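Understanding the architecture of this molecule
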Amino acid sequence: MTAGSLRTPAGEALPPLSCAFVAPDEPPFAAVAGEAGLEVVVVQFPRGRDHVAAGS
């Protein structure tokens with residue numbers, strides 16, 4: 001998150017510049033904006049090496 005505040009599904013408040021990681025076997029992460037609003041950067045990494053072309 002780059003600005004604002006975020007509430008986790010458990011109700012914990014995360015401050016700006018916090019990072020959350022969700023493993024592939026975990027349920028989806030529900031981001032809830034705090035009173036100050038919320039700006040986030042979402043990055044999804046490929047699973048395993050399935051994305052690598054054969055012979056690379």
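For the structure given in this document, a descriptive report is provided here. Values in this document were obtained by computation on a predicted structure and should not be read as measured data.

1. Brief notes about the sheet that holds strand 3 (residues 32-39)
Strand order in the open sheet formed by 3 strands is 2-1-3, and the pairing between neighbours is antiparallel. If you trace the sheet from one side to the other, it starts and ends with strand 2 (13-14) and strand 3, each paired once. Strand direction decides the pairing type here: strand 1 (residues 3-7) and strand 2, joined by 2 bridges, are antiparallel. What sits directly across from Arg7, in strand 2, is Ala13.

2. Digging into the pairing of strand 1
Both strand 1 and strand 3 contribute to a ladder of 4 bridges, which runs antiparallel. Residue Ala3 lies in a different strand from strand 3, and its bridge partner there is Glu39. Turn length for the strand 1-strand 2 hairpin, with the two strands adjacent in sequence and antiparallel, is 5 residues, and the turn residue Gly11 shows positive phi of about 95 degrees.

3. Some details on a nonpolar patch on the surface
Residues Val41, Val43 and Phe45 make up a contiguous nonpolar surface patch of roughly 350 Å² in combined accessible area. Looking at the secondary structure, you find Val41 in the segment after strand 3. Looking at Val41, the relative accessible area reads 59%, which means it is exposed.

4. Quick notes on the environment of Ser18
Considering the arrangement of structural elements, one finds Ser18 in the loop between strand 2 and strand 3. Residues Ser18 and Ala3 lie 15 residues apart in sequence; the distance between their C-alpha atoms is 9.3 Å. Of note is the side chain of Ser18, whose polar atom sits 2.6 Å from the backbone oxygen of Pro15.

5. Quick word on the environment of Ala3
By secondary structure assignment, the location of Ala3 is in strand 1. Classification of Ala3 as partly exposed rests on a relative accessible area of 26%. Once the C-alpha coordinates of Ala3 and Val40 are considered, the two residues, 37 residues apart in sequence, prove to be 7.3 Å apart. Those residues in contact with Ala3 that sit more than four places away from it in its chain are Pro16, Gly37, Leu38 and Glu39.

Analysis parameters
- Residues numbered from 1 in each chain as written.
- Predicted model: local features only at pLDDT ≥ 70, side-chain atom pairs only at ≥ 80, totals over all residues.
- Heavy atoms only, no water.
- Pairing = 2+ DSSP bridges.
- Helix = DSSP H or I, 4+ residues; strand = E, 2+ residues; numbered from the N terminus.
- Patch = residues over 30% accessible without salt bridge, like charges linked within 9 Å, V, L, I, M, F, W, Y side chains within 5 Å.
- Areas by Shrake-Rupley, 256 points an atom, 1.4 Å probe, with all protein chains shown as cover.
- Salt bridge = Lys/Arg side-chain N within 4 Å of Asp/Glu carboxyl O.
- Buried < 20%, exposed > 50% of the residue type's maximum accessible area, 1.4 Å probe, protein only.
- Polar contact = N/O pair within 3.5 Å; in protein donor to acceptor, adjacent residues only side chain to side chain.
- Contact = heavy atoms within 4.5 Å.

It is worth stressing that arrangement in space is one thing and function is another; only the former is reported here.
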